[in-house]
Amino acid sequence: MKLAFSTLGVPGLPIADVLNLATTHGYQGIELRAHPEEPVHPGIGLTERADVAAQFKTAGIEILAISGYARVAEPGDDEPVLDDIRSLLTLARDLGAPFIRVFPGGGTEQSAQEADATAARRLGTAAEYAADFGVRILLETHDSHRTGAAATRVLGTVGHRHAGALWDVMHTWLGGESPAESLAALSPYLGYVQVKDIASTEDTTPLGLGEGVLPLAECVDALLGGEYRDGWLCWEYEKRWYEKAEPLPELLGPGRDFLSRLLNRPA
C-alpha cells in the first residue's frame, strides 16, 4: 500500500513545503484540502493549477485527492451542490487527481430515507460528470452517514463506477462498526482509506498514529486480507480543528514507521 497525508494537518502550508515534508518522511501522496484558506482550491486559475501540477511532478509525489466540502445529502436545491462538485471535478482533472471527496451532510429535519434519496440522486447526476472528467467521487463515511452500512445504502442505489467510498476509520468506529464490518460494506465501492488516532470516544483530539484507541492494526489486517493491497492509506490529522494538537510535521516520520510496521507484519 502507498502512504499519503492530508493538508488538513498543515493548514495553509505552501505546496513546496508540503512536498518537502512528503519526500523527507517517505510519503508517496498528498490529499489536498480544497478550501479558500489553503493554497489549492477551486478558485485558483489555470496558471496556478499548472504550477501546482508541475511541482508535484517534479517532486515525484502524487495528488491522491481533492478534499472538498460539498454535502450531497443536505436539504435544499440540487444545483448549488452539483455546481460545487463540478468545480471540484474540474480542479481534480486539471491537477491530475483521481478522486474528489464529498461529505454526506444530511440534516436533522430529514428522515434517513430522504437523506439517502437526496444523496443518491445528486451523486448519480454528478457521477456522469465525473466519468467525463476521468475522476471518481468518493463519499466519506462522516456525519449523517458515518458507518459503512449507511454509506452503502446511498452508493448501492447510485450504482455508478465513478461514485465510490472514502473510508474514514474513526467515523465507522464511532458509529459502532468493527473494521471487518466496515470493509465488508465498503469494499465494492472503496477508493481509499483515511487513518488517524484519537484518545477516546469523548476526546477526538488528534494523536500520533498508534498513540490512541482506534483499531488501526485491525483495519490494516482487514485490508491486507482483502483486495486492497495496492491501495492508499491517507493520514488525516485534524490540526486545523484542534489548534492545541501537536504539530504534524514532527509526527510524520513516526507515523510512517508505524504504518510500515503494520503493513509488513508476518501474516
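Definitions and limits used
Per chain, the residues get numbers from 1 upward, laid out in the order the sequence is written. Only residues with pLDDT of at least 70 are given local features in this predicted model, and only at 80 or more are side-chain atom pairs given and counted; all residues enter the totals for whole chains, interfaces and linings. For the side-chain quantities, the full set of heavy atoms in the structure was used; hydrogens and water were omitted. Following DSSP output, two strands are said to pair if at least two bridges run between them. In DSSP terms, a helix is any run of H or I states spanning at least four residues, a strand is any run of E spanning at least two, and both are numbered starting from the N terminus. Angles shown run from 0 to 180 degrees and are taken between the N-to-C directions of axes, each axis being a line fitted to C-alpha atoms and, for helices, limited to the stretch in contact. We call two residues in contact when some of their heavy atoms are within 4.5 Å. Whether a residue is buried, partly exposed or exposed follows from its accessible area with a 1.4 Å probe, protein chains only, as a fraction of its type maximum: under 20%, in between, or over 50%, in that order. Looking down the strands as they point away from the viewer, one classifies a crossover as right-handed if the path from the first strand across the helix to the second runs clockwise. We define a salt bridge as a side-chain nitrogen of Lys or Arg found within 4 Å of a carboxyl oxygen belonging to Asp or Glu.

Chemist: Would you explain the sheet that holds strand 5 (residues 136-140) in this entry?
Modeler: Taken in spatial order, the eight strands close into a barrel running 1-2-3-4-5-6-7-8, and their pairing is parallel. When the angles between neighbouring strand axes are averaged without regard to direction, this sheet yields 30°. Both strand 4 (residues 99-103) and strand 5 contribute to a ladder of four bridges, which runs parallel. Residue V102 lies in a different strand from strand 5, and its bridge partner there is L139. Sitting on the sheet, helix 5 (residues 148-158) touches strand 5 and strand 6 (163-168), and the angle it makes with strand 6 is about 165°.

Chemist: Help me out: how do you make sense of the pairing of strand 4 in this one?
Modeler: On a regular strand, each side chain points to the face opposite its neighbour's, so the side chains alternate between the two faces of the sheet. With five of five residues buried, strand 4 is to be regarded as a mostly interior element. Side chains F99, R101 and F103 project from strand 4 onto one buried face, and the interleaved I100 and V102 project onto a second face that is buried too. In the sheet, strand 3 (residues 62-71) pairs with strand 4 via four bridges, with the strands oriented parallel. Note that in strand 4 the partner of I66 across the bridge is I100. Following the chain from strand 3 across helix 3 (residues 78-95) to the adjacent parallel strand 4, one finds a crossover that is right-handed. This β-α-β element, strand 4 to helix 4 (residues 112-133) to strand 5, shows right-handed connectivity.

Chemist: Explain the pattern of salt bridges to me, please; I cannot follow it from the model alone.
Modeler: Two side chains carrying opposite charge are able to pair once their charged atoms lie near each other. Tallied over the full model, the rule gives 17 salt bridges. In this structure, D94 engages R49 in a salt bridge whose closest nitrogen and oxygen atoms are separated by 2.8 Å. Here D94, found in helix 3, pairs with R49, found in helix 2 (residues 46-59); they are 45 residues apart in sequence, far enough to count as distant. Here D94 falls in the partly exposed class, since its relative accessible area comes to 25%.

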